Amino acid sequence: MNDITFFQRFESDIVAGRKTITLRDASESHFTPGQQLRVGRYEDDVYFCTIEVISVAPVALDQLTDEHARQENMTLPQLKEVIGEIYPGLIELYAIVFKRVATA
Ligand SMILES: CC(=O)Nc1ccn([C@@H]2O[C@H](CO)[C@@H](O)[C@H]2O)c(=O)n1
(Lines give C-alpha, C1' and ligand atoms only; values in the text may rest on other atoms or scores of the structure.)
Protein backbone atom coordinates (compact mmCIF):
# COMPACT_ATOMS: atom_id res chain seq x y z
CA MET A 1 0.00 0.00 0.00
CA ASN A 2 1.45 3.37 -1.05
CA ASP A 3 1.00 6.67 0.80
CA ILE A 4 1.34 9.07 -2.14
CA THR A 5 1.40 8.74 -5.90
CA PHE A 6 3.11 10.69 -8.68
CA PHE A 7 2.45 10.65 -12.39
CA GLN A 8 4.75 8.11 -13.99
CA ARG A 9 6.48 10.77 -16.07
CA PHE A 10 8.07 12.15 -12.86
CA GLU A 11 9.42 8.82 -11.60
CA SER A 12 12.93 9.18 -13.07
CA ASP A 13 13.38 12.73 -11.74
CA ILE A 14 12.30 11.66 -8.24
CA VAL A 15 14.51 8.57 -8.17
CA ALA A 16 17.49 10.63 -9.41
CA GLY A 17 16.91 13.34 -6.78
CA ARG A 18 16.20 16.02 -9.42
CA LYS A 19 12.65 16.57 -8.14
CA THR A 20 12.50 17.33 -4.40
CA ILE A 21 9.13 19.05 -4.04
CA THR A 22 5.52 18.45 -4.96
CA LEU A 23 2.61 20.88 -4.97
CA ARG A 24 -0.70 19.36 -3.88
CA ASP A 25 -4.20 20.35 -2.92
CA ALA A 26 -5.61 20.39 0.62
CA SER A 27 -6.54 16.70 0.43
CA GLU A 28 -2.79 15.89 0.53
CA SER A 29 -1.69 18.57 3.02
CA HIS A 30 -1.83 16.26 6.06
CA PHE A 31 1.70 14.84 5.78
CA THR A 32 4.10 15.79 8.56
CA PRO A 33 7.87 16.46 8.66
CA GLY A 34 9.89 13.32 9.37
CA GLN A 35 7.20 11.03 8.01
CA GLN A 36 8.39 8.43 5.53
CA LEU A 37 6.06 7.80 2.61
CA ARG A 38 5.88 4.90 0.22
CA VAL A 39 5.67 6.37 -3.27
CA GLY A 40 3.84 4.76 -6.14
CA ARG A 41 3.00 5.60 -9.72
CA TYR A 42 -0.45 7.16 -10.21
CA GLU A 43 -1.19 5.08 -13.29
CA ASP A 44 -0.65 1.60 -11.80
CA ASP A 45 0.15 2.24 -8.10
CA VAL A 46 3.45 0.34 -8.46
CA TYR A 47 5.81 1.28 -5.60
CA PHE A 48 9.03 2.93 -6.80
CA CYS A 49 10.70 4.64 -3.83
CA THR A 50 10.35 5.92 -0.28
CA ILE A 51 10.63 9.62 0.56
CA GLU A 52 10.97 11.48 3.86
CA VAL A 53 8.88 14.63 4.28
CA ILE A 54 11.00 17.67 5.16
CA SER A 55 8.27 20.32 5.28
CA VAL A 56 4.68 21.07 4.29
CA ALA A 57 3.63 24.68 3.77
CA PRO A 58 0.76 26.48 2.05
CA VAL A 59 1.69 28.46 -1.04
CA ALA A 60 -0.59 30.35 -3.40
CA LEU A 61 -0.24 29.84 -7.14
CA ASP A 62 0.95 33.44 -7.63
CA GLN A 63 3.58 33.02 -4.87
CA LEU A 64 5.44 30.31 -6.75
CA THR A 65 9.02 31.27 -7.57
CA ASP A 66 11.90 30.10 -9.74
CA GLU A 67 13.14 28.25 -6.63
CA HIS A 68 9.97 26.12 -6.51
CA ALA A 69 10.39 25.43 -10.22
CA ARG A 70 14.05 24.49 -9.76
CA GLN A 71 13.01 22.00 -7.07
CA GLU A 72 10.54 20.53 -9.59
CA ASN A 73 13.25 20.36 -12.30
CA MET A 74 11.08 22.67 -14.44
CA THR A 75 10.87 26.29 -15.45
CA LEU A 76 8.28 28.42 -13.65
CA PRO A 77 6.04 28.68 -16.76
CA GLN A 78 6.23 24.88 -17.19
CA LEU A 79 5.35 24.35 -13.53
CA LYS A 80 2.35 26.70 -13.69
CA GLU A 81 1.13 24.93 -16.82
CA VAL A 82 1.43 21.50 -15.15
CA ILE A 83 -0.46 22.71 -12.07
CA GLY A 84 -3.16 24.22 -14.26
CA GLU A 85 -3.64 20.84 -15.95
CA ILE A 86 -3.70 18.80 -12.71
CA TYR A 87 -5.64 21.28 -10.58
CA PRO A 88 -7.69 23.55 -12.88
CA GLY A 89 -8.67 26.77 -11.11
CA LEU A 90 -6.96 25.89 -7.82
CA ILE A 91 -5.08 28.79 -6.16
CA GLU A 92 -4.23 27.45 -2.70
CA LEU A 93 -1.55 24.77 -2.93
CA TYR A 94 0.69 23.01 -0.41
CA ALA A 95 4.41 22.66 -1.05
CA ILE A 96 5.69 19.32 0.22
CA VAL A 97 9.49 19.27 0.32
CA PHE A 98 11.01 15.80 0.50
CA LYS A 99 14.17 13.73 0.12
CA ARG A 100 14.40 10.26 -1.33
CA VAL A 101 15.54 7.75 1.30
CA ALA A 102 15.13 4.40 -0.46
CA THR A 103 14.63 3.04 -3.95
CA ALA A 104 12.64 0.02 -5.10
C1 LIG B 1 -3.45 12.37 -8.13
C2 LIG B 1 -2.56 13.54 -8.13
O3 LIG B 1 -2.95 14.63 -7.84
N4 LIG B 1 -1.27 13.32 -8.49
C5 LIG B 1 -0.24 14.21 -8.65
C6 LIG B 1 -0.30 15.57 -8.32
C7 LIG B 1 0.80 16.35 -8.51
N8 LIG B 1 1.93 15.79 -9.03
C9 LIG B 1 3.13 16.62 -9.26
O10 LIG B 1 3.35 17.62 -8.29
C11 LIG B 1 3.84 18.81 -8.93
C12 LIG B 1 2.92 19.97 -8.82
O13 LIG B 1 1.61 19.62 -8.85
C14 LIG B 1 4.05 18.46 -10.33
O15 LIG B 1 5.34 17.96 -10.47
C16 LIG B 1 2.99 17.40 -10.49
O17 LIG B 1 3.16 16.62 -11.57
C18 LIG B 1 1.98 14.44 -9.36
O19 LIG B 1 2.99 13.91 -9.84
N20 LIG B 1 0.89 13.67 -9.15
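Residues numbered from 1 in each chain as written. Predicted model: local features only at pLDDT ≥ 70, side-chain atom pairs only at ≥ 80, totals over all residues. Heavy atoms only, no water.

The name recorded for the protein chain in an unreviewed UniProt entry is N(4)-acetylcytidine amidohydrolase, from Buttiauxella izardii. Regarding the protein chain, the UniProt comment filed under Sequence similarities (unreviewed entry) reads as follows: "Belongs to the N(4)-acetylcytidine amidohydrolase family." Turning to the protein chain, the UniProt record has this under Function (unreviewed entry): "Catalyzes the hydrolysis of N(4)-acetylcytidine (ac4C)." (UniProt positions renumbered as here; feature names shortened; annotations may be inferred.)

J.: Even after reading the chapter, I still don't get the pairing of strand β3 (residues 36–41), so can you show me in this structure?
T.: By the bridge criterion, 3 bridges tie strand β1 (residues 4–6) to β3 in an arrangement that is parallel. Among the inter-strand pairings, T5 is bridged to a residue of β3, identified as G40. Joining the antiparallel neighbours β3 and strand β4 (residues 47–60) is a turn of 5 residues, in which D45 adopts a positive phi near 60°. (Pairing = 2+ DSSP bridges. Helix = DSSP H or I, 4+ residues; strand = E, 2+ residues; numbered from the N terminus.)

J.: Please explain the site of the ligand as it appears in this structure.
T.: Near the ligand lie 15 residues; those nearest to it are F10, K19, T22, L23 and E72. Between an oxygen atom of the ligand and a side-chain N or O atom of K19, the distance comes to 2.6 Å. Measuring from an oxygen atom of the ligand, one finds a side-chain N or O atom of E72 at 2.7 Å. For the shell around the ligand, the elements supplying multiple residues, two or more each, are β1, β2 (21–24) and α3 (76–86). (Near = heavy atom within 4 Å. Polar contact = N/O pair within 3.5 Å; in protein donor to acceptor, adjacent residues only side chain to side chain.)

J.: Looking at this model, I keep getting lost on the pattern of salt bridges. Mind explaining?
T.: Two side chains bearing opposite charge may form a pair once their charged atoms approach each other closely. Counting across every chain of the model gives 6 salt bridges. Between K19 and E72 there is a salt bridge whose closest N-O contact spans 2.4 Å. Placement of the pair is K19 in the loop between α1 (11–15) and β2 and E72 in the loop between α2 (66–71) and α3, with a sequence separation of 53 residues. Classification of K19 by relative accessible area gives buried; the value is 3%. Given a relative accessible area of 4%, E72 falls into the buried group. Note that R41 is salt-bridged to D44, the shortest N-O span being 2.6 Å. D44 gets classed as partly exposed once you look at its relative accessible area, which sits at 38%. Here the salt bridges do not stand alone but share partners, grouping E11, R41 and D44 into one network. (Salt bridge = Lys/Arg side-chain N within 4 Å of Asp/Glu carboxyl O. Buried < 20%, exposed > 50% of the residue type's maximum accessible area, 1.4 Å probe, protein only.)

J.: Please explain unusual backbone geometry as it appears in this structure.
T.: At D45, a residue that is not glycine, the phi angle is positive and equals roughly 60°. In this fold, D45 is placed in the loop between β3 and β4. At N73, a position not held by glycine, the phi torsion is positive, near 60°. One can find N73 in the loop between α2 and α3. For N73, a relative accessible area of 39% translates into the label partly exposed.

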